[in-house]
Amino acid sequence: MTRDPNPSPTLARLARDIAGDSGGDAIEDELLLWLGGSPRFRVFVEANRDKIRKKLRTAGDPDALRDVRAELFAARLLLAERRVELAFEAYGTRRPGPDFTVTFRGTRTFNLEVTRLRREPSAAGLATT
């Protein structure tokens, strides 16, 4: 993924603020690309800036960082559909709950938990299929 040589200063600042030093340039570049490609995702990120920043900065290892990335990717995909409204961790971060509360067409609401599939390494250290 390549960085846009002339990103909007506002979007660059938002991506840098959220990513901080959590995952290096890769997560910042990806956020910048997603923010520039979707006004609805940008509004979602701005509204949930503190939660997202905390999740990225407290991700203790690369797998945890990939888990947060998967949540953000899912949000981006869901928000591509104009009939979807999305609430991030609506039950609060201190209580166990789903990642998202999704409202479809203003009437149908459901909870969504994003889970990244992981493969257990085999005895030789290679992932099994």
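Analysis parameters
- Residues numbered from 1 in each chain as written.
- Predicted model: local features only at pLDDT ≥ 70, side-chain atom pairs only at ≥ 80, totals over all residues.
- Heavy atoms only, no water.
- Helix = DSSP H or I, 4+ residues; strand = E, 2+ residues; numbered from the N terminus.
- Expected span 1.5 Å × (residues − 1).
- Buried < 20%, exposed > 50% of the residue type's maximum accessible area, 1.4 Å probe, protein only.
- Polar contact = N/O pair within 3.5 Å; in protein donor to acceptor, adjacent residues only side chain to side chain.
- Phe/Tyr/Trp six-rings, centres within 6.5 Å; stacked < 30°, edge-to-face > 60°.
- Lys NZ or Arg CZ within 6 Å of the ring centre and 35° of its normal.
- Arc of directions from axis to C-beta.
- Axes fitted to C-alpha atoms, helices over the stretch in contact; angles between N-to-C directions.
- Parallel < 35°, antiparallel > 145°, perpendicular 65-115°, else oblique.
- Left-handed = near helix turned anticlockwise from the far one by under 90°.
- Contact = heavy atoms within 4.5 Å.
- Nonpolar A, V, L, I, M, F, W, Y, C, P; charged D, E, K, R; others polar.
- pLDDT = per-residue confidence, 0-100.
- Core = buried A, V, L, I, M, F, W, Y, C linked by side-chain atoms within 4.5 Å.

Below, the discussion takes up helix α5 (residues 62–79). Under the 1.5 Å per step criterion, the end-to-end length of α5 is 26 Å for 18 residues, consistent within 8% with the ideal 26 Å. Taken as a whole, α5 has its buried residues at L65, V68, A70, E71, L72, A74, A75 and L79. For α5, the capping residue at the N-terminal end is D61, with a side-chain oxygen 3.0 Å from the backbone nitrogen of D63.

Below, the discussion takes up the packing of aromatic side chains. Taken as a whole, this structure holds six aromatic pairs when the rule is applied. One aromatic cluster is present, built from ring pairs that chain together W34, F41, F44, F73, F88 and F100. The ring of F73 is capped by R69, whose NZ or CZ atom sits 5.2 Å from the centre of that ring.

Of the residues making up helix α1 (residues 9–19), those classed as buried are L11, A12, L14, A15, I18 and A19. Viewed end-on, α1 has its buried residues packed into an arc of 165°, placing them on one side of the element. Backbone geometry just downstream of α1 places G20 in the positive-phi region, at approximately 50°.

A separate point is the packing of helix α3 (residues 39–47) against α5. Where α3 meets α5, the closest approach of the two axes is 8 Å, and the angle between their N-to-C directions is 135°. Considering the angle they form, α3 stands oblique to α5. Seen from above, α3 lies across α5 with right-handed handedness. Contact residues: R40, F41 and F44 in α3; L72, A75, R76 and L79 in α5. Grouping the amino acids of the contact of α3 with α5 by side-chain chemistry returns five nonpolar, no polar and two charged.

A separate point is the confidence of the model for the protein. Of all residues in the protein, 83% have pLDDT values of 70 or greater, and the mean over the chain is 85. Ranking the elements of the protein by mean pLDDT puts helix α2 (residues 24–37) last, at 87, and α3 first, at 96.

Ranked by internal contacts, the top residues of the largest apolar core, which has 29 residues, are L31, F41, F44, V45, I52, L56 and F100. Mapped onto this core, the elements with two or more residues apiece are α1, α2, α3, α4 (49–57), α5, β1 (84–88) and β2 (100–104). When residues in this core are grouped by element, the largest group, seven residues, is from α5. In contact with V45, not counting residues within four places along its chain, are L14, I18, L35 and I52.

Turning our attention to the environment of L78. Among the structural elements, L78 can be located in helix α5. Between the alpha carbons of L78 and R40 there is a distance of 9.9 Å; along the sequence they are 38 residues apart.

This part covers the side chain of R53. Structurally, R53 is set in helix α4. For R53, a relative accessible area of 18% corresponds to the buried category. A distance of 2.6 Å separates the side chain of R53 from the side chain of D50, its partner in a polar contact. Setting aside its immediate chain neighbours within four residues, R53 contacts D17 and I18.

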